[in-house]
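# Analysis of the macromolecular model
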Amino acid sequence: MKIGIIGVGKMASAIIQGLKATHHEIIISGSSLARSKEIAEQLEVAYAQSHQDLIDSVDLVILGIKPQMFEKVLAPLSIDKPILSMAAGITLERLASMTKQDLPLIRIMPNINAQILKSSTAICANEHVSDDLFTEAKAIVESFGTAFVIAEKDFDTFTALAGSSPAYIYLFIEALAKAGVKYGLPKDQALAIVAQTVMASSQNLIEGSDTPHDLIDKICSPGGTTIAGLLDLEKTGLTASVISSIDATIEKAKQL
């Protein structure tokens, strides 16, 4: 498949790194011809003379442009190819209104971990997307991480759980590292210890059969240090605070 990407920011650049390991041919088009040439040289891919030239020569168009630029960029274009959009807040219905109504449209929501090819990415499609095309789109997503097929109505929740939550996780990691500094560890060492522990703990959950509750019980010994810390976390409201942050994230997403 020949894949064209319009708009090549950080996320699209990360996706291209994953796609380069596949059998697909990649061509890009940036904000100007000069910019297209510059980015193409950096990423070692081909570039088109214009957005329309790209559309006319590919099998699938990936839109990497910012949500607020959609109407301006798409208005002068004639698109007759399947579209994959990664823009936050642009629904399939809204995208259809800006293009031909019967086009196959796919929506994805990647996260920051695409930059290390480990994105958690939501994917959904409209009724015009064939099973074969959806399978191909899912494979594209899996070239830079893990795909989660979900209903579009759940995209705001996914954005909170996978898109925004890395920032909350980094805040938790930073807090643990600061606690290490409080008790005498150098900051870089404390951060390395916490980051490694968080990574391995996630891997243990993914690869094993235990639930988080099971693992908590295994770590806590009667009258021990861990249960004392856990009870303090509950007293200070960690669970309620985390859920409240997700509530706020989803509410903001619905306002976009």
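In this report, the structure presented in the accompanying data block is examined. (Residues numbered from 1 in each chain as written. Predicted model: local features only at pLDDT ≥ 70, side-chain atom pairs only at ≥ 80, totals over all residues. Heavy atoms only, no water.)

## Observations concerning the sheet that holds strand S7 (residues 119-125)
Our working definition: In short, DSSP must find at least two bridges between two strands for them to pair. By the criteria applied, helices consist of DSSP H or I runs no shorter than four residues and strands consist of E runs no shorter than two, each listed in order from the N terminus. Any two residues whose heavy atoms approach within 4.5 Å at even a single point are treated as in contact. Axes here refer to lines fitted to C-alpha atoms; in helices the fit is confined to the stretch in contact. Angles between the N-to-C directions go from 0 to 180 degrees.
Spatially, S3-S2-S1-S4-S5-S6-S7-S8 is the arrangement adopted by the eight strands of the open sheet, whose pairing is mixed. Strands at the two margins of the open sheet, each flanked by one partner only, are strand S3 (46-47) and strand S8 (145-149). The strands touched by helix H1 (residues 10-19) within the sheet are strand S1 (2-6), strand S2 (25-29) and strand S4 (60-63), with S1 carrying the most contacts at an inclination of about 165°. Together, S1, S4, strand S5 (83-85), strand S6 (105-109), S7 and S8 form the strand contacts of helix H6 (residues 131-142), whose direction differs from that of S8 by roughly 140°.

## What to know about the pattern of salt bridges
Operational definition: For this analysis, a salt bridge means a side-chain nitrogen from Lys or Arg found within 4 Å of a carboxyl oxygen belonging to Asp or Glu. Burial classification: accessible surface area is computed with a 1.4 Å probe over protein chains only, and a residue below 20% of its type maximum counts as buried, one above 50% as exposed, and the rest as partly exposed.
Considering all chains together, one arrives at eleven salt bridges under this definition. With its nearest N and O atoms 3.9 Å apart, the salt bridge here joins glutamate 71 to arginine 94. Taken together, the residues span a long stretch of sequence, with glutamate 71 in helix H4 (residues 70-74) and arginine 94 in helix H5 (residues 92-98) at a distance of 23 residues. The partly exposed category is assigned to arginine 94, whose relative accessible area is 36%. For aspartate 232, the salt bridge goes to lysine 235, with nearest N and O atoms at 3.3 Å. Within this pair, aspartate 232 and its partner lysine 235 are both found in helix H10 (residues 225-235), separated by three residues, close to a single helical turn.

## Thoughts on the pairing of S4
Within a regular strand, side chains alternate between the sheet's two faces. Residues of S4 alternate between two faces, with Leu60 and Ile62 on one and Val61 and Leu63 on the opposite face, all of them buried. Where S1 lies against S4, four bridges are found, and the strand directions are parallel. Looking at the pairing, glycine 4 lines up with valine 61 of S4. As paired strands, S4 and S5 are joined by three bridges and run parallel to one another. Within the sheet, the bridge partner assigned to valine 61 lies in S5 and is isoleucine 83.

## Some points on the environment of alanine 87
Topologically, alanine 87 is positioned in the loop between S5 and H5. When the C-alpha atoms of alanine 87 and isoleucine 108 are compared, they prove to be 7.8 Å apart, with 21 residues separating the residues in sequence. Setting aside residues up to four positions removed in sequence, alanine 87 forms contacts with Ile65, Pro67, Phe70, Arg107 and Met109.

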